[in-house]
Amino acid sequence: MRYFIVFAFLMVSSFVFSQNDTLISRIEGTVVNVETRLPINNVHVINTTRIKGTVTDGNGFFELNAKVNDTLLFSYLGFETIKVRVTNDWIKNKTAKVAITEKAYALEEVVVNKYNLTGFVEVDTKLIPVIEDQYRYSISGLNAGYEVGNKSPTAVGKVIQSIFNPADALYNIFGKRPKQMRKLKQMKQDNTIRELLATKYDRQTLAALLEVGKEDIPLILENCNYSEYFIKTANDLQILDAISACYEEYKILKKNK
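Residues numbered from 1 in each chain as written. Predicted model: local features only at pLDDT ≥ 70, side-chain atom pairs only at ≥ 80, totals over all residues. Heavy atoms only, no water.

Topic: the side chain of Lys200
- Tracing the sequence through the fold places Lys200 in the loop between α7 (191–198) and α8 (204–210).
- Among buried Asp, Glu, Lys and Arg side chains, Lys200 stands out as unpaired, with Asp202 the closest opposite charge at 4.1 Å.
- Side chain to side chain, Lys200 and Ser75 meet in a polar contact 2.8 Å long.
- If we skip the residues at most four places from it in the chain, Lys200 touches Ser75, Tyr76, Thr81, Thr205, Asn235 and Asp236. (Helix = DSSP H or I, 4+ residues; strand = E, 2+ residues; numbered from the N terminus. Buried < 20%, exposed > 50% of the residue type's maximum accessible area, 1.4 Å probe, protein only. Lys, Arg positive; Asp, Glu negative; His and termini not counted. Salt bridge = Lys/Arg side-chain N within 4 Å of Asp/Glu carboxyl O. Polar contact = N/O pair within 3.5 Å; in protein donor to acceptor, adjacent residues only side chain to side chain. Contact = heavy atoms within 4.5 Å.)

What follows is the structure, encoded as structure tokens:
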């Protein structure tokens, strides 16, 4: 009787697994410019539900595994990033055409003589401010350190504060987003996603992948003691790695508290 129950359980599990597996389909599509209707190559297409990505070929063509209601993210330099939901008819027809729109840029007035340069190197080097080095403090027992911007006692105090009271600062960020934070490892392992984020600085794609608002990203990094300079200048891949490292440190601190 016991062997029969085990056998029945295995059969049911196998059936359920096969049923779930058949729900995933290989869909195709073509990405075009909404104005010209011409195909666009090298568009990054990411299934944010499954954290898998691909890139369109010279004909704007792509194929990707997906299920109904999965969300696909389309990102290309100079174009608006859009999200598209996979529908039943897409699964049925196997293919679809996705149109993306070029960004409209409003150019602002550029002031060239901000520092009133004279043309003499010795004089001008004293007029232009130098960005200070960014220091990162290593904490024994943790995977990485804390970037705080300078070597002042206040900077060290920020590190100590984050060590002894991590939950108050980071729980509202990481504790309420366990699903999104678990996706971090998957994102870091997908080369298509990493290559895309390495070229981005607008936080738009990263925010969509993490399912957070763009305004939340600086807040996360500030609470992880990253400097303002890093937050403003790092590309999206560096930001992803920084948030991932901070999350791993947060888990260690939370576990040891």
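Points about the sheet that holds strand β1 (residues 25–33)
- Spatial ordering of the open sheet is given by β4-β1-β7, a layout of three strands whose pairing is mixed. Each end of this open sheet is capped by a strand with a single partner; those strands are β4 (61–66) and β7 (97–100). On average, each strand axis in the sheet is tilted by 35 degrees relative to the strand beside it, whichever way the strands run.
- The pairing of β1 with β4 spans six bridges and is classified as antiparallel. Each residue of the ladder has a partner; that of Ile27, found in β4, is Leu64. (Pairing = 2+ DSSP bridges. Axes fitted to C-alpha atoms, helices over the stretch in contact; angles between N-to-C directions.)

As for the nonpolar core
- If you look at the biggest cluster of nonpolar residues, it comprises 33 residues, and the most contacted ones within it are Phe174, Ile217, Leu221, Ile239 and Ile243.
- The set of elements that each furnish at least two residues to this core consists of α5 (166–175), α6 (178–189), α7, α8, α9 (216–223), α10 (228–233) and α11 (236–256).
- Considering every element that reaches this core, the biggest residue donor is α11, with eight residues.
- The residues touching Leu221, leaving out its near neighbours within four places in the chain, are Tyr226, Ile231, Ile239, Ala242 and Ile243.
- If you look at the next biggest cluster of nonpolar residues, it comprises 16 residues, including Val31, Leu64, Leu72 and Phe74. (Core = buried A, V, L, I, M, F, W, Y, C linked by side-chain atoms within 4.5 Å.)

Digging into α7
- Burial in α7 covers these residues: Thr192, Ile193, Leu196 and Leu197. All buried residues of α7 project into a common sector of 125 degrees when viewed along the axis, lining one side. Turned more than 90 degrees off the buried face of α7, the exposed positions are Asn191 and Glu195. (Arc of directions from axis to C-beta.)

Geometric descriptors of this kind do not, in isolation, establish any biological role.
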